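Here are the chains, one letter per residue:
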Amino acid sequence: MKSNENWSLMMKASKQYYQLGLSQDEIAKNLYISKSTVSRLIKKSVELGYVEFKIHSFGEADEDLQRELEENFGIPCTVLPTLIDSYSVRLNDVCAYAAKEVFDEIEDGETIAFPWGRTIEYLAANINEPIERYKDLKICMLNGFLNGSIHSMRAIHIVEKLSTMLNATGYVMPCPLLVESAEVKATMLADPSIREIYEMAERAETAIISVGPFDMQNTYLTELGPAVVEHLRGFDGAGNFAGRTYDINGTEFHTELYARLMSIPISNLAQKKKRICIAVGEHKAKAITGLMRGRIINRLYTDSGTARAILKIQAELEGRQEMPERT
């Protein structure tokens with residue numbers, strides 16, 4: 001049998017089994033082959049990547065942890081269970097859940113601003129069907145790119161996906177995240193194409209963000225260069241958002257980088273009507289805590305492992321005994 005005939009038979013068996021729900025006996029009769037051959041073809045289709053499995057259940061939200069976070073910080077929180085010790089799985093579960101409801105309160109004509117990054121990439125990937133009920137939406141980036149970074153350049157694809165799925169017009173900020181000086185920034189903002197997107201981000205009614213740790217090893221801040229890393233080490237930081245660094249109360253540091261960043265200040269973020277944070281991982285707990293203590297965000301999506309770490313930090317800051325971990 002030729003290879004294309006083998007492929008055709010394999011796909012026929014797999015489609016009948018997974019899409020039509022037929023038994024292997026029924027498929028064997030339909031294709032005039034043995035049941036053992038059907039089993040082998042189905043197994044081969046999985047091995048070759050023609051068939052993939054996805055788990056769509058995220059588990060029930062942890063209402064106790066949600067209540068504790070809301071009592072401590074006064075904002076609505078969704079806390080999904082931490083079911084497996086895998087950052088990518090945990091992040092995908094939270095992003096998949098958020099994707100189903102985070103756009104429910106968007107209004108026609110709104111501008112929605114996003115930073116680029118892995119979390120927003122996962123959020124965009126989990127919008128599985130177009131949301132076509134909106135009119136005149138705009139999607140824009142909150143910050144510029146890291147020069148030469150493939151990671152940050154993926155922002156173009158994120159904006160493209162979100163724009164397509166939300167029936168919106170998408171815009172990227174066509175400039176570096178960090179420029180040489182405040183004077184260079186002023187010159188760049190004099191360019192109409194850059195100024196338009198920057199002001200669009202400032203005016204956006206909704207911001208959907210994630211955060212990074214204030215960590216000189218495990219964050220893209222290190223990609224800004226050794227001089228930046230050395231400078232930031234002098235601050236007692238909690239986290240960073242779009243290159244903007246801040247303390248445990250959400251107060252932005254006015255470092256020598258402040259006037260050189262092509263991203264909206266944290267004070268501007270705090271003024272937006274909807275300020276949604278999606279963040280997962282104990283390594284981000286301090287960064288999330290800072291935004292919540294400073295009322296920089298007014299909605300959080302996370303998981304139970306991260307939530308417990310946030311509550312532990314908050315208890316230590318307030319001199320309270322932390323809540324015992326439930327089993």
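The model shown is predicted, which means the values in this text are computed figures rather than measured ones.

**Student:** How would you summarise the overall build of the protein chain if you had to cite specific residues and measurements?
**Tutor:** From N to C terminus, the protein chain includes 14 helices and 10 strands. In the protein chain, which comprises 327 residues, the proportion classed as buried is 51%. A sequence separation of at least 24 residues applies to 71% of the contacts in the protein chain between residues at least 6 apart. Roughly 16500 Å² of accessible area belongs to the protein chain as shown, and the carbon and sulfur atoms make up 49% of that amount.

**Student:** Summarise the pairing of strand β10 (residues 299–303); cite the residues concerned and give the values.
**Tutor:** When you tally the buried positions in β10, you get 5 out of 5 residues, the bulk of the element. Across 4 bridges, strand β1 (residues 77–80) lies against β10 in parallel orientation. Bridged to Val-79 within β10 is Thr-302. Two strands pair when backbone bridges link them, and strand β9 (residues 274–278) and β10 are joined in this way by 3 bridges, in the parallel orientation. Residue pairing in the sheet places Ile-276 in a bridge with Arg-299 of β10. Each parallel crossover has a hand, and for β9 linked through helix α13 (residues 285–293) to β10 it is right-handed.

**Student:** An account of the nonpolar core is requested, with residue identities and associated values reported.
**Tutor:** Residues Phe-103, Ile-208 and Ile-209 are the most contacted members of the largest nonpolar core, which totals 90 residues. In contact with Ile-209, not counting residues within four places along its chain, are Pro-115, Ile-120, Leu-142, Phe-241, Leu-269, Ile-276, Cys-277, Ile-278, Leu-291 and Ile-297. Judged by nonpolar contacts, the second largest core, of 10 residues, contains Met-10, Ala-13, Leu-31 and Ile-42.

**Student:** Summarise the sheet that holds strand β3 (residues 137–141); cite the residues concerned and give the values.
**Tutor:** In spatial order, the strands read β1-β10-β9-β5-β2-β3-β4; together these 7 strands make up an open sheet with parallel pairing. Taken across any chain shown, the strands that pair with only one partner, and hence form the sheet edges, are β1 and β4 (168–171). Between one strand axis and the next, the sheet turns by 15° as a mean value, whatever way the strands run.

**Student:** Explain the packing of aromatic side chains residue by residue, including any values.
**Tutor:** Applying the stated criterion to the full structure yields 4 aromatic pairs. Their ring planes at 75° and their centres at 6.3 Å tell us that Trp-7 and Tyr-50 sit as a pair that is edge-to-face. Highlighted residues: Trp-7 in helix α1 (residues 3–18) and Tyr-50 in the loop between α3 (35–47) and α4 (63–73), separated in sequence by 43 residues. Its relative accessible area of 42% is what places Trp-7 among the partly exposed residues. Seen from their ring centres, Phe-235 and Phe-253 are 5.0 Å apart, and the 40° between their planes marks the pair as tilted. In this pair, Phe-235 is assigned in the loop between α11 (226–232) and β7 (239–241) and Phe-253 in the loop between β8 (244–246) and α12 (266–269), connecting sequence segments 18 residues apart. On the basis of relative accessible area, Phe-235 is assigned to the partly exposed category, the value being 28%. Members of the aromatic cluster, each reached through a chain of ring pairs, are Phe-214, Phe-235 and Phe-253.

**Student:** Just give me the short version of the pattern of salt bridges, but keep the residues and values in it.
**Tutor:** Summed over the entire model, instances satisfying the criterion amount to 11 salt bridges. Among the ionic pairs, Arg-260 bridges to Glu-256, the shortest N-O distance being 3.1 Å. Each of Arg-90, Glu-282 and Asp-303 takes part in one network of salt bridges that share partners.

**Student:** Quick rundown of the confidence of the model for the protein chain? Include the residues and the values.
**Tutor:** For the protein chain, mean pLDDT is 87; residues scoring 70 or higher make up 89% of the total. Between residues 321–327, whose pLDDT stays under 50, and residues either more than four places distant or in other chains, the model counts 10 contacts.

**Student:** Give me the lowdown on the sheet that holds β7, citing residues and values where you can.
**Tutor:** Pairing in this open sheet of 3 strands is antiparallel, and the strands run β6-β7-β8 from one edge to the other. Two strands in the sheet have a free side with no partner beyond their single neighbour: β6 (212–213) and β8. Examined bridge by bridge, β7 and β8 share 3 bridges and lie antiparallel to one another. Counted as the bridge partner of Phe-241 is Arg-244 from β8.

**Student:** I'd love a proper account of the side chain of Arg-244, names of residues and values included.
**Tutor:** Residue position: Arg-244 is located in strand β8. Judged by its relative accessible area of 1%, Arg-244 falls in the buried class. Look past the residues within four positions of Arg-244 in its chain and what remains in contact with it is Lys-185, Tyr-198, Gly-239, Glu-252, Tyr-258, Leu-261, Ser-263, Ile-264, Pro-265 and Ile-266.

**Student:** Kindly report on the side chain of Lys-274, identifying the contributing residues and their values.
**Tutor:** Tracing the backbone shows Lys-274 in strand β9. Of the residues examined, Lys-274 reaches a relative accessible area of 11% and is grouped as buried. A polar side-chain atom of Lys-274 sits 3.0 Å from a polar atom in the side chain of Glu-110. Excluding its chain neighbours within four sequence positions, the residues that come into contact with Lys-274 are Glu-105, Ile-106, Glu-110, Glu-205, Thr-206, Ala-207 and Asn-298.

Conventions we followed
Residues numbered from 1 in each chain as written. Predicted model: local features only at pLDDT ≥ 70, side-chain atom pairs only at ≥ 80, totals over all residues. Heavy atoms only, no water. Helix = DSSP H or I, 4+ residues; strand = E, 2+ residues; numbered from the N terminus. Buried < 20%, exposed > 50% of the residue type's maximum accessible area, 1.4 Å probe, protein only. Contact = heavy atoms within 4.5 Å. Areas by Shrake-Rupley, 256 points an atom, 1.4 Å probe, with all protein chains shown as cover. Pairing = 2+ DSSP bridges. Right-handed = clockwise from strand over helix to strand, strands pointing away. Core = buried A, V, L, I, M, F, W, Y, C linked by side-chain atoms within 4.5 Å. Axes fitted to C-alpha atoms, helices over the stretch in contact; angles between N-to-C directions. Phe/Tyr/Trp six-rings, centres within 6.5 Å; stacked < 30°, edge-to-face > 60°. Salt bridge = Lys/Arg side-chain N within 4 Å of Asp/Glu carboxyl O. pLDDT = per-residue confidence, 0-100. Polar contact = N/O pair within 3.5 Å; in protein donor to acceptor, adjacent residues only side chain to side chain.

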